[in-house]
Amino acid sequence: PPIESQEPAPVEPPQQPFETETGPAESDPTEEPWTRSLERFARPSDDEGQSFLGRGKELLQQGLAREAAVEFEAAILQNSRDASACYHLGIARFQSGDTDSAIEAFERCVRLDRANADAFNDLGLCMAKKRQWRESLEHYQTALRLRPNHADAHYNLAHLLLEQGEYADAIHHF
């Protein structure tokens with residue numbers, strides 16, 4: 001059944017953005033968490049970026065990718081050079097079905113951390129989903145150069161090679 005809305009009592013505007021006299025402003029309970037403006041994260045405390053990252057990881061484990069993305073974006077607002085937040089944002093975006101945004105997040109991650117084999121592997125997955133085979137192959141190969149025993153990159157590369165009819169090369173990656 002629909003929730004009946006009541007006219008809210010008039011309130012004084014907060015003295016500072018997103019703050020009330022008693023602390024942070026409450027969000028609208030009828031609003032989906034991923035639709036809220038990220039402005040509420042504009043001035044987090046020093047350790048808050050890590051708490052955004054932690055909450056995002058917890059939400060991802062619960063299968064709440066869109067909600068997790070909000071937390072990862074907040075962590076990135078806190079520290080624009082946080083490769084881990086960019087990587088996890090890519091995962092959340094991919095799980096939400098937004099491959100293009102996932103690619104952007106993974107690309108940002110690898111610009112910040114050129115040794116992140118998982119991000120290169122996941123970029124390969126995104127490119128394969130978009131049927132961009134050459135780019136996918138390059139990303140899987142980069143992941144394997146960085147971590148030669150990367151099981152997921154071997155598996156993904158094997159399947160890509162099978163799709164391309166390169167059976168002899170594929171067998172080496174299974």
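Residues numbered from 1 in each chain as written. Predicted model: local features only at pLDDT ≥ 70, side-chain atom pairs only at ≥ 80, totals over all residues. Heavy atoms only, no water.

**Remarks on the nonpolar core**
Part 1 of the reasoning: Counting 39 residues, the largest nonpolar core has Leu60, Phe72 and Phe106 as the members making the most contacts within it.
Part 2 of the reasoning: Dropping the residues within four chain positions of it, leucine 60 is found in contact with Ala65, Ala68, Phe72, His88, Ile91, Ala92 and Gln95. (Core = buried A, V, L, I, M, F, W, Y, C linked by side-chain atoms within 4.5 Å. Buried < 20%, exposed > 50% of the residue type's maximum accessible area, 1.4 Å probe, protein only. Contact = heavy atoms within 4.5 Å.)

**What to know about the packing of aromatic side chains**
Part 1 of the reasoning: This model, assessed by the stated rule, comprises two aromatic pairs.
Part 2 of the reasoning: Ring geometry for tyrosine 87 versus phenylalanine 106: centroids 5.7 Å apart, planes at 50 degrees, classification tilted. One end of the pair, tyrosine 87, is in helix 3 (residues 83-95); the other, phenylalanine 106, is in helix 4 (residues 99-112), with 19 residues separating them in the sequence. When sorted by exposure, tyrosine 87 lands in the same class as phenylalanine 106, which is buried. (Phe/Tyr/Trp six-rings, centres within 6.5 Å; stacked < 30°, edge-to-face > 60°. Helix = DSSP H or I, 4+ residues; strand = E, 2+ residues; numbered from the N terminus.)

**Some points on the confidence of the model for the chain**
Part 1 of the reasoning: Summary statistics for the chain give a mean pLDDT of 81 and a share of 72% for residues scoring 70 or more.
Part 2 of the reasoning: Mean pLDDT values for the elements of the chain range from 36 in strand 1 (residues 19-20) up to 98 in helix 4.
Part 3 of the reasoning: In this model residues 1-46 is a low-confidence stretch, pLDDT under 50, and it forms 31 contacts with partners more than four residues away in sequence or in other chains. (pLDDT = per-residue confidence, 0-100.)

**Topic: the side chain of aspartate 122**
Part 1 of the reasoning: As for its position among the elements, aspartate 122 is in helix 5 (residues 117-129).
Part 2 of the reasoning: Among buried Asp, Glu, Lys and Arg side chains, aspartate 122 stands out as unpaired, with arginine 147 the closest opposite charge at 9.1 Å.
Part 3 of the reasoning: Of the polar contacts made by the side chain of aspartate 122, one reaches the side chain of asparagine 121; its length is 3.4 Å.
Part 4 of the reasoning: When near neighbours in sequence (up to four residues on either side) are disregarded, aspartate 122 contacts Tyr87, Ile91 and Phe106. (Lys, Arg positive; Asp, Glu negative; His and termini not counted. Salt bridge = Lys/Arg side-chain N within 4 Å of Asp/Glu carboxyl O. Polar contact = N/O pair within 3.5 Å; in protein donor to acceptor, adjacent residues only side chain to side chain.)

**What about the packing of helix 3 against helix 5?**
Part 1 of the reasoning: The N-to-C vectors of helix 3 and helix 5 enclose an angle of 25 degrees; their axes lie 11 Å apart at closest approach. Our classification of the angle between helix 3 and helix 5 gives roughly parallel. The two elements helix 3 and helix 5 meet at a crossing, and its hand is left-handed. Where helix 3 abuts helix 5, its residues Tyr87, Ile91 and Phe94 lie against Asp118, Ala119, Asp122, Cys126 and Lys129.
Part 2 of the reasoning: Here the residues of the contact of helix 3 with helix 5 sort into five nonpolar, no polar and three charged. (Axes fitted to C-alpha atoms, helices over the stretch in contact; angles between N-to-C directions. Parallel < 35°, antiparallel > 145°, perpendicular 65-115°, else oblique. Left-handed = near helix turned anticlockwise from the far one by under 90°. Nonpolar A, V, L, I, M, F, W, Y, C, P; charged D, E, K, R; others polar.)

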